[in-house]
Amino acid sequence: MPTLTDVLREQTSLAPDQAEWLHLLVGDWQLLSDLSFADLVLWVPSEPDGWLAVAHVRPTTGAMVFFDDLVGRRIEPGRRPLLDQAFAGARIVRAPEPEFRDDMPIREEAIPVVRQGRALAVLTRHTNLSTMRTPSRLELTYVATADALARMVASGDFPTAGAPTGQRRGAPRVGDGVIRLTADGTVSYASPNAISAIHRLGHVGDVVGGPLAQIVTDVLRDESPVDESLALVVTGRAPWRTEVSSRGASVSMRAIPLVEAGQRTGAILLLRDVSELRRRERDLMTKDATIREIHHRVKNNLQTVAALLRMQARRLPEGEARSALHEAVRRVGTIATVHETLSHGFDETVNFDEVITRELAAVVEVATREAPVHAEREGSFGRLRAEDATSMAMIIGELVHNAVEHGLAVGGGTVQVEAERIVEDGEERLQVCVADDGQGLPEGFSPGRGGLGTQIVTSLVQDLRGRITWEQGKPRGTVVRFFARLRPVADGDRRGRSPSG
């Protein structure tokens, strides 16, 4: 199904800034739907002189009207005079009589979507009257507030560019709690959920009838500094969001000023108790910090082990024992590099391209002391789980070291690492090729009778449920190819998480 952006670009003649205005409206119209207890449908003019439904939202506070989505439905010219009148006159038009749909009386209204004095589209509001009863004060307040917002849509005062919308993570919605403020910031109405949220902050006493700014200031008197936007939000003077924390409770607040004829007449505040959400985020951050500290300490311990082995090697005469200790130092250092990378992240995955870049640079730095060696890398390894990254680093480290030490020992040359990540039969695989242009494999070479490095590589590839082959390069050199089956990486981990999760 095409996106709203595609439809507006292909089916209308709206300018980019006008299309963006409709995007802002759709990003925040759940608020209007919930306060209205009604379905909302956004219609745009469609050639020739018809109407096209491009978005549809249903209320979460009451019964829906349309079970089927109306997006994509077209109306021919003259079939919906309500839309034509609202668009042409830039005014709200209500149908004189309810329309019956599946034996349900439906009241319909057409609200022009205006920007800078020009109607861009029409918003229809569909209310199921069969569920109506003697309205409570909550319902009366909600509908009155919805009507005020509808008039703001028709006058071009809503939505507000740059203001936070209800689609953002943790944003309060109508069902979470609603407060209605007068122009001077006095609470004229508060829903039960909103009153509970204010009481959780530590306020004792009535909420309705008092200035919200004073209520919030009193509960925060002994607390730490608060967000500078708090004053604007609790007085309803700016369309913004803030968060208040007191006595272990956290409440997210969002203000939407109400405007009539260019004058601010009051505001609506949405409140959401986010105490549990913040507690979980703190627990997650503590867990992340603990994991990073563990990796940091493992890296330090491995570096200590490497230093001890290096000291021991210096006490030995030149020979196999000393060479073996130097090999052990290199391998321990490879594992330490993976843990160092993990200590800087927020999850148990590694950007392996960073690891392999550092590993190749270290090998070249040591090798160029005796022969000119160049290292090249093509393709991307992507993010790997920690357990896969350690094995992969060891495998590539051994293969590159062997290429430098044996294939390129005389005269130098180039070692190249290529990686390709593919999905096959629903399973992620990593195909890697390590090639050099050196002397090639010794005559009669067999991996089964190779040295310790070859045995380590073979064993680790098997652990990764893969296969590995050694071939003579053309016209010279050695080519080693292997593939590994990777453990799945979550989408959030693939991109890398932020500290807040």
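Residues numbered from 1 in each chain as written. Predicted model: local features only at pLDDT ≥ 70, side-chain atom pairs only at ≥ 80, totals over all residues. Heavy atoms only, no water.

Draft legend 1. Region of the structure containing helix 1 (residues 4-11). Regarding helix 1, the residues found buried are L4, V7 and L8. Down the axis of helix 1, the buried set is contained in an arc of 95°. They therefore lie on one face. In helix 1, the exposed positions that point more than 90 degrees away from the buried face belong to R9 and E10. Packed against the buried residues of helix 1 are helix 2 (16-36), strand 1 (39-46) and strand 2 (50-57). (Buried < 20%, exposed > 50% of the residue type's maximum accessible area, 1.4 Å probe, protein only. Helix = DSSP H or I, 4+ residues; strand = E, 2+ residues; numbered from the N terminus. Arc of directions from axis to C-beta. Contact = heavy atoms within 4.5 Å.)

Draft legend 2. Fine view of the nonpolar core. Formed by 43 residues in total, the largest nonpolar core has its most connected members in L22, L31, L42, V113 and L149. Broken down by element, the residue count for this core peaks at 10 residues, all from helix 2. Residues contacting L42, with those up to four places away along its chain left out, are L22, L25, V26, W29, L52, A53, V54, A55, V113, A121, V122 and L123. Listed in part, the 39 residues of the second largest apolar core include V338, A389, L408 and L430. (Core = buried A, V, L, I, M, F, W, Y, C linked by side-chain atoms within 4.5 Å.)

Draft legend 3. Here's a closer look at the sheet that holds strand 18 (residues 467-472). Strands sit in the order 14-16-17-19-18 across an open sheet of 5 strands; the sheet is mixed. Taken across any chain shown, the strands that pair with only one partner, and hence form the sheet edges, are strand 14 (373-379) and strand 18. The mean angle between the axes of side-by-side strands here comes to 15°, regardless of whether they run parallel or antiparallel. Sheet analysis places strand 17 (residues 427-436) next to strand 19 (residues 478-485), joined by 8 bridges and oriented antiparallel. Following the sheet pairing, R429 is matched in strand 19 by R485. Where helix 11 (residues 386-407) meets the sheet, its contacts fall on strand 14, strand 16 (413-424), strand 17, strand 18 and strand 19, and the angle it forms with strand 17 comes to roughly 15°. Packing against the sheet, helix 12 (residues 452-463) makes contact with strand 18 and strand 19, and its axis sits at approximately 140° to strand 18. (Pairing = 2+ DSSP bridges. Axes fitted to C-alpha atoms, helices over the stretch in contact; angles between N-to-C directions.)

Draft legend 4. Spatial organisation of the confidence of the model for the protein. Confidence along the protein averages 83 in pLDDT terms, with 88% of residues attaining 70 or more. Contacts for the low-pLDDT stretch residues 494-501, under 50 throughout, to residues beyond four places or in other chains number 16 contacts. (pLDDT = per-residue confidence, 0-100.)

Draft legend 5. Molecular detail of the side chain of T127. Within the fold, T127 resides in strand 7 (residues 118-128). Not counting the four nearest positions on each side in its chain, T127 is found in contact with S36, F37, A38, V65, P105, I106 and R107.

Draft legend 6. Focus on the sheet that holds strand 10 (residues 241-246). Strand order in the open sheet formed by 5 strands is 9-8-12-11-10, with antiparallel pairing between adjacent strands. Of all the strands in the sheet, just strand 9 (187-190) and strand 10 have a single pairing partner and so form its edges. Ignoring which end each strand starts from, the neighbouring axes of this sheet average 25° apart. Sheet strands in contact with helix 4 (residues 137-155) are strand 8 (178-182), strand 9, strand 11 (249-260) and strand 12 (263-273), and its direction is about 55° off that of strand 11.

Draft legend 7. How the structure looks around the side chain of R180. When you line up the elements, R180 lands in strand 8. Of the buried charged residues, R180 lacks a salt bridge, with E260 as the closest side chain of opposite charge at 7.6 Å. In terms of polar contacts, R180 uses its side chain to reach the side chain of T145, at 2.9 Å. (Lys, Arg positive; Asp, Glu negative; His and termini not counted. Salt bridge = Lys/Arg side-chain N within 4 Å of Asp/Glu carboxyl O. Polar contact = N/O pair within 3.5 Å; in protein donor to acceptor, adjacent residues only side chain to side chain.)

Draft legend 8. Spatial organisation of unusual backbone geometry. Geometrically, the link from F158 to P159 is a cis peptide bond, its omega value of 5° lying close to zero. Residue position: P159 is located in the loop between helix 4 and strand 8. In this model, K474 is joined to P475 through a cis peptide bond whose omega is 5°. Even without glycine at this site, A90 takes up a positive phi of about 50°. As for its placement among the helices and strands, A90 is situated in the loop between helix 3 (81-89) and strand 4 (93-94). Its identity as a non-glycine residue notwithstanding, R247 has a phi of 55°, on the positive side.

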